[in-house]
Amino acid sequence: MRYRILTAALAASAALQFAGTAKATDLEVIHWWTSKGESAAVSQFAKAFDNDGHGDKWVDSAIALGETARSTVMQRVLGGDPPGAAQFNPGRQYEELISGGKLLDLTDVATAGKWDQVIRPKAIGSACLVDGHWWCVPVNIHSNYWAWYSKPVFEKAGVPEPKNLADFIAAAPKIKEAGLIPFAIGGDGNGWQIQLLFQDMVTEALGVAKRDEMYTKKSAEIAGGPEMKGVFTQLRTLKQFTDNGYANRNWNDTTNLVITGKAGLQVMGDWARGEFAAAGMTGVKDFGCMIGLNEAKPVVSTDGDIIVFFKQNNPDVEAAQKRLAALLISPEVQVAFNNAKGSMPVRGDVDMSTADPCMQKSLKAVEDPANIVTATNRFITENTNQQLNELVAQFFADDSMTADDATAKFATIIGNSD
Amino acid sequence: MQRSWRRRFHLPAVIGTIPMILVAVGVFVIGIGFSVLWSFTSSKLFPNYDFVGLAQYRRLWADSRWLVSVNNIWFFGLMSITCNMVFGYLLAVFMDQRIRQEDLFRSIFLYPFAMSLIVTGLVWQWVLDPNLGLQEAMRNLGWSSFSFAPLVDANTAIYALVVAGIWQGSGVTMAILLAGLRGVDEEIWKAARVDGIPTWRTHVSIVAPMMKGAFATAFVLQCVGVVRVYDLVIAMTGGGPGIATSMPAVYVIQLITVRQNVGQGMAAATMMLLPVLVVLAFGGLVMWRRNRQREAAL
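No experiment lies behind these values; they were computed from the predicted model shown.

Novice: Would you mind going over the sheet that holds strand 6 (residues 136-142) of chain A in detail, with residue names and values included?
Specialist: Residues and elements named next belong to chain A. Read across the sheet, five strands follow the order 2-1-3-12-6 without closing on themselves; strand pairing throughout is mixed. With partners counted over all chains shown, the strands left at the sheet margins are strand 2 (57-62) and strand 6, one partner each. Averaged over all pairs of adjacent strands, the angle between strand axes in this sheet comes to 20°, irrespective of strand direction. Across four bridges, the pairing between strand 3 (residues 85-88) and strand 12 (residues 303-309) is antiparallel. Residue pairing across strands places Phe-88 opposite Ile-306, the latter belonging to strand 12.

Novice: Summarise the interface of chain A and chain B; cite the residues concerned and give the values.
Specialist: If you look at the interface, chain A gives 33 residues, while chain B gives 33 residues. Taking both sides of the interface into account, the surface hidden between chain A and chain B amounts to around 3000 Å²; carbon and sulfur atoms contribute 54%. At the surface where chain A touches chain B, the tally comes to two salt bridges. The closest approach of N and O atoms between A:Glu390 and B:Arg65, which form a salt bridge, is 2.6 Å. Taken together, the elements giving at least two residues each to the side of chain A that touches chain B come down to helix 1 (4-21), helix 3 (66-78), helix 4 (95-99) and helix 19 (382-397) of chain A. For the side of chain A that touches chain B, the element with the highest residue contribution is helix 19 of chain A, accounting for eight residues. Class assignment for the residues of the side of chain A that touches chain B results in 10 nonpolar, 11 polar and 12 charged.

Novice: I'd like a rundown of the nonpolar core, residues and numbers included.
Specialist: Within soluble globular proteins, side chains that are nonpolar generally end up buried alongside one another. Residues A:Leu97, A:Phe309 and A:Phe410 are the most contacted members of the largest nonpolar core, which totals 137 residues. Ranked by residue count, the leading element in this core is helix 10 (residues 188-206) of chain A, at seven residues. With near-sequence residues (within four places) excluded, A:Phe309 lies in contact with A:Gly84, A:Ala85, A:Lys102, A:Leu103, A:Leu104, A:Leu106, A:Val137, A:Gln321, A:Leu324, A:Ala325 and A:Leu328. Counting residues in hydrophobic clusters, the runner-up holds 38 residues, among them B:Met85, B:Ala92, B:Leu117 and B:Trp124.

Novice: Give me the lowdown on the state of the cysteines, citing residues and values where you can.
Specialist: Such a bond, covalent and formed between the sulfur atoms of two cysteines, is termed a disulfide. All names here are of chain A. All chains considered together, the criterion is met by two disulfides over all chains. Each sulfur of the disulfide joining Cys-128 and Cys-136 lies 2.0 Å from the other. Since a negative S-S torsion denotes a left-handed disulfide, the Cys-128-Cys-136 link at about -105° is left-handed. Taken individually, Cys-128 and Cys-136 each receive the classification buried, so the pair is uniform in this respect. The disulfide that involves Cys-289 links it to Cys-358, with 2.1 Å between the sulfurs. Here the S-S torsion is close to -105°, and the disulfide linking Cys-289 with Cys-358 is therefore left-handed.

Novice: Tell me about unusual backbone geometry, residues and numbers included.
Specialist: Residues and elements named next belong to chain A. Phi is positive for Lys-218, close to 50°, though the residue is something other than glycine. The residue Lys-218 is located in the loop between helix 11 (208-216) and helix 12 (220-223) in this model. If you check the backbone angles, Leu-293 has positive phi at about 60° while not being a glycine. In this structure, Leu-293 sits in the loop between strand 10 (287-291) and strand 11 (300-301).

Novice: Could you give an account of the packing of aromatic side chains, with specific residues and numbers?
Specialist: In this description, an aromatic ring pair is defined by two values, namely the gap between the centres and the angle between the planes. Residue and element names in this part refer to chain A. Counted under the stated rule, the structure contains 30 aromatic pairs over all chains. With 5.4 Å between their ring centres and 65° between their planes, Trp-33 and Phe-337 make a pair best called edge-to-face. Placement of the pair is Trp-33 in the loop between strand 1 (26-31) and helix 2 (36-50) and Phe-337 in helix 17 (residues 331-341), with a sequence separation of 304 residues. Taking relative accessible area as the criterion, Phe-337 reaches 0% and is therefore assigned buried.

Novice: Can you break down the pairing of strand 7 (residues 146-150) of chain A residue by residue, with the values?
Specialist: All names here are of chain A. Burial analysis of strand 7 places five of its five residues in the buried class, which makes it a mostly covered element. Here strand 7 shows a buried face lined by Trp-146, Trp-148 and Ser-150 and a second buried face lined by Ala-147 and Tyr-149. Pairing between strand 7 and strand 10: five bridges, direction antiparallel. Bridge pairing links Tyr-149 to Gly-288 in strand 10. Of the pairings in the sheet, the one linking strand 7 to strand 9 (residues 263-267) comprises three bridges and is antiparallel in character. When the sheet's bridge partners are listed, Trp-148 is paired in strand 9 with Gln-266.

Criteria and cut-off values
Residues numbered from 1 in each chain as written. Chains lettered and ligands numbered in written order. Predicted model: local features only at pLDDT ≥ 70, side-chain atom pairs only at ≥ 80, totals over all residues. Heavy atoms only, no water. Pairing = 2+ DSSP bridges. Helix = DSSP H or I, 4+ residues; strand = E, 2+ residues; numbered from the N terminus. Axes fitted to C-alpha atoms, helices over the stretch in contact; angles between N-to-C directions. Contact = heavy atoms within 4.5 Å. Buried area = accessible area lost by both parts, 1.4 Å probe. Salt bridge = Lys/Arg side-chain N within 4 Å of Asp/Glu carboxyl O. Nonpolar A, V, L, I, M, F, W, Y, C, P; charged D, E, K, R; others polar. Core = buried A, V, L, I, M, F, W, Y, C linked by side-chain atoms within 4.5 Å. Buried < 20%, exposed > 50% of the residue type's maximum accessible area, 1.4 Å probe, protein only. Disulfide = S-S within 2.5 Å. Phe/Tyr/Trp six-rings, centres within 6.5 Å; stacked < 30°, edge-to-face > 60°.

Right under this line is the structure:
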């Protein structure tokens, strides 16, 4: 991410400025929604909060890259100056914030809004419902299990559009011959884009049940098995189809390669669709999407974003925090936000008929519980997650590392995870 | 005995250094103490006092990223310090030839040191990015097979860091050594010339040994810069590709902030402290022996 440091510095200085002048109902929200599509989405939240009739003000602190934003939040909490609210991913990233008593209990808001009934699937709600108390607001369901491709690129190379990853690997040499980049990826932020691809390939190779068993039982046996070796081998093959500018590229620049027809295909979560939409493209003629890396076996994951609220010793701020919490999950805001973001709303009782063909695919898939994959973050801590990031990024960058080595290291990390 | 005590603890000097002593004890000693303490605990996001012995150190030395970081800092340190000292000395000799526009040249050479390493790193990253910088520019000029992208190859990225380190550090080494060179008495040069000793020989055998102090200062500055190298790596490579350019300081910050594993981060920080302590102890020993010899001579 080329502008990451500059952006982070700017965001940090902006945050300091606001911290001094915050009034009772000014609520600072730290998040990492910084790309074009994401900004369009988050402005829907800000607009709704600013116009809620209470004179509240959304103070926006956008910090590029999730790991940077999260560590900023953690430092602020440790330093005794937490923001009003912050974005996290559902999972174990914030478990110590709950056990440390740093978060605002939202149970009364949740009871009034009947969150336990409107939020579907149940797995999304359970990320916030810990020991009978609600500690966060889920705002969307993201699925990581997508591949996005440029229709003009496949046409130019004279190959059919892919239906699964094997199709794509078969077509890739032709795309390369046509002078285009077959596979677009980026290596910023410890290589999280590569790990996202890797996780999708793991689920595809192991199947949902075996994958869940590997993570929940910390099974080094499955993690070191032949399927995993196959994944690493396939990952090396995919690397042959990338360009050498990948090293520091961030995800939306990667998506842009597909948008502008320079690259064939990118594996990325559904937030990439927000970028296509922001570029004025529709999923009918300009770009195609492949669900779950295999159209025959559609899967959606229950990743997403949640918003946590930090305890503040000021009843006015607390009231504003609770108003925002209720607002984030209200039907109108859910539709506006998720249409711009490219994610699914967390409630099933809203009208999504305006959604594009790709979202219709995922809305259909989410109806069947058999298609739902639990987010990896639910099983592993951020520590383990980053270790996996590093392993996969190292394997991807270093051609001398064999698939056998990588599989063995993967098994060690899974076996030792806490 | 009485005299020697007075000479060592001159009252105004003691009063003058009290603020510095307080800061040093308050910030460094207590801070380092807690770092070491927490390295023996299972602290994750929040520091705690659940002592687990050497478990964090065992995990640390089993982590391939830490091993890569340690190798990297040795490589980076040896390469950049050696090159900086050699280039710095050559530049200082060049500047000492009573050239015209000396001030201008000195500013140019010192300029990289005045710039933030974040800016330096970003500029280098842009120049070396295959899609934006040198490679793309040459290809646009028509040399379509031109290939130069050291930052994206795990084997060469560390060399790019070394080059940036030299670019940044040789100017300040030059300034320090130039001051040392100017401190050498003109008479020595004259005497050497009269004796018909070649210039290079005068430099190596006479002038350089006389500049021991300047060399030591430059060397210590370089070492400190290497141990804490962080911003350059973050700005240029982010520790990548993969983990190829990770450094201990980057590792520590990553463990504490992103990986939410304070205990292991503190263990890594303690490991970074060890070589510094060894060097300090060695320096102290040398000083102590010299003082004892001098006192014995008196």
